[in-house]
Amino acid sequence: MSTDKPTGSALITGGAGFIGSHLSELLLDAGWEVFVLDDLSTGSERNVAHLRERRDFHLIVDSVLKNSVVNELVHRCDVVFHLAARRAAGRMRSRRRSTSSSRSRTTRSAGSTA
Ligand SMILES: NC(=O)c1ccc[n+]([C@@H]2O[C@H](COP(=O)([O-])OP(=O)(O)OC[C@H]3O[C@@H](n4cnc5c(N)ncnc54)[C@H](O)[C@@H]3O)[C@@H](O)[C@H]2O)c1
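Residues numbered from 1 in each chain as written. Predicted model: local features only at pLDDT ≥ 70, side-chain atom pairs only at ≥ 80, totals over all residues. Heavy atoms only, no water.

### Notes on the side chain of serine 9
Counting through the fold element by element, serine 9 comes out in strand 1 (residues 9–13). Relative accessible area serves as the criterion here: at 4%, serine 9 is assigned to the buried category. In this structure the side chain of serine 9 is engaged in a polar contact, spanning 3.2 Å, whose partner is the backbone oxygen of arginine 76. If we skip the residues at most four places from it in the chain, serine 9 touches Trp32, Glu33, Phe35, Arg76, Cys77, Asp78 and Val79. (Helix = DSSP H or I, 4+ residues; strand = E, 2+ residues; numbered from the N terminus. Buried < 20%, exposed > 50% of the residue type's maximum accessible area, 1.4 Å probe, protein only. Polar contact = N/O pair within 3.5 Å; in protein donor to acceptor, adjacent residues only side chain to side chain. Contact = heavy atoms within 4.5 Å.)

Okay, here's the thing in structure tokens:
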């Protein structure tokens, strides 16, 4: 029996965050298998608790800064949504610099593997 649903697997870094958890739900409903890579530094397992029972949903609690983990997942998945980032809380200059630096590092890490 064929369906109109696309099939494939998606990696969502930062998938336990605000946007990532909603994207996970959307993709699962569209028939995708979803791998979330999140270190839960600012996101929460609660955001994806309703998805945990699904066979096509996988939560990997680890950092995108860990190349071996990113490498394995990127090769396992058809598409990558890179949303992992530290929330820009506060407006202090030092905080901004730290957040910006973290975002660059996570993007470089995920990008170099993809
Ligand atoms: N929410 C918005 O309105 C909005 C608007 C424009 C752009 N964005 C961008 O979209 C992205 C996601 O936004 P959000 O609101 O979902 O943020 P969020 O803070 O809710 O989610 C980010 C997730 O990244 C995870 N994370 C942080 N560092 C990590 C690391 N090293 N390894 C693995 N996971 C890590 C956090 O635990 C968190 O779950 C961000 O890049 C943000 O700047 C958001």
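### Digging into the site of the ligand
Around the ligand there are 20 residues in total, and Phe18, Ile19, Asp38, Gly43 and Val64 lie nearest to it. Between glycine 43 and the ligand, the recorded distance is 2.9 Å, taken from a backbone N or O atom to an oxygen atom. Among the secondary structure elements, those contributing two or more residues to the shell around the ligand are helix 1 (18–29) and helix 3 (93–113). A breakdown of the residues in the shell around the ligand according to their chemical character gives eight nonpolar, seven polar and five charged. (Near = heavy atom within 4 Å. Nonpolar A, V, L, I, M, F, W, Y, C, P; charged D, E, K, R; others polar.)

### Notes on the pairing of strand 2 (residues 33–38)
Across the six residues of strand 2, five count as buried, placing the element largely inside the fold. The sheet contact formed by strand 1 and strand 2 spans five bridges and is parallel. Bridging across to strand 2, serine 9 finds its partner in glutamate 33. Handedness of the crossover joining strand 1 and strand 2 through helix 1: right-handed. Relative to strand 3 (residues 57–61), strand 2 runs parallel, the two sharing five bridges. Looking across to strand 3, one finds that valine 36 is bridged to leucine 59. (Pairing = 2+ DSSP bridges. Right-handed = clockwise from strand over helix to strand, strands pointing away.)

### What about helix 1?
Residues separated by three or four positions in an α-helix point in the same direction, a consequence of the helix having 3.6 residues per turn. With 12 residues, helix 1 extends 17 Å between its outermost C-alpha atoms, agreeing within 8% with the 16 Å of an ideal straight helix rising 1.5 Å per residue. By the burial criterion, the buried members of helix 1 are Gly20, Ser21, Leu23, Ser24, Leu27 and Leu28. Considered in projection along helix 1, the buried side chains sweep an arc of 160 degrees and stay on one side of the axis. The exposed residues of helix 1 that point more than 90 degrees off its buried face are Phe18, Ile19 and Leu26. Considering only its buried residues, helix 1 is in contact with strand 1, strand 2, strand 3 and strand 4 (79–82). Phi turns positive, to about 100 degrees, at glycine 31, one or two residues after helix 1. (Expected span 1.5 Å × (residues − 1). Arc of directions from axis to C-beta.)

Such coordinate-based values are descriptive only and should not be taken to indicate function.
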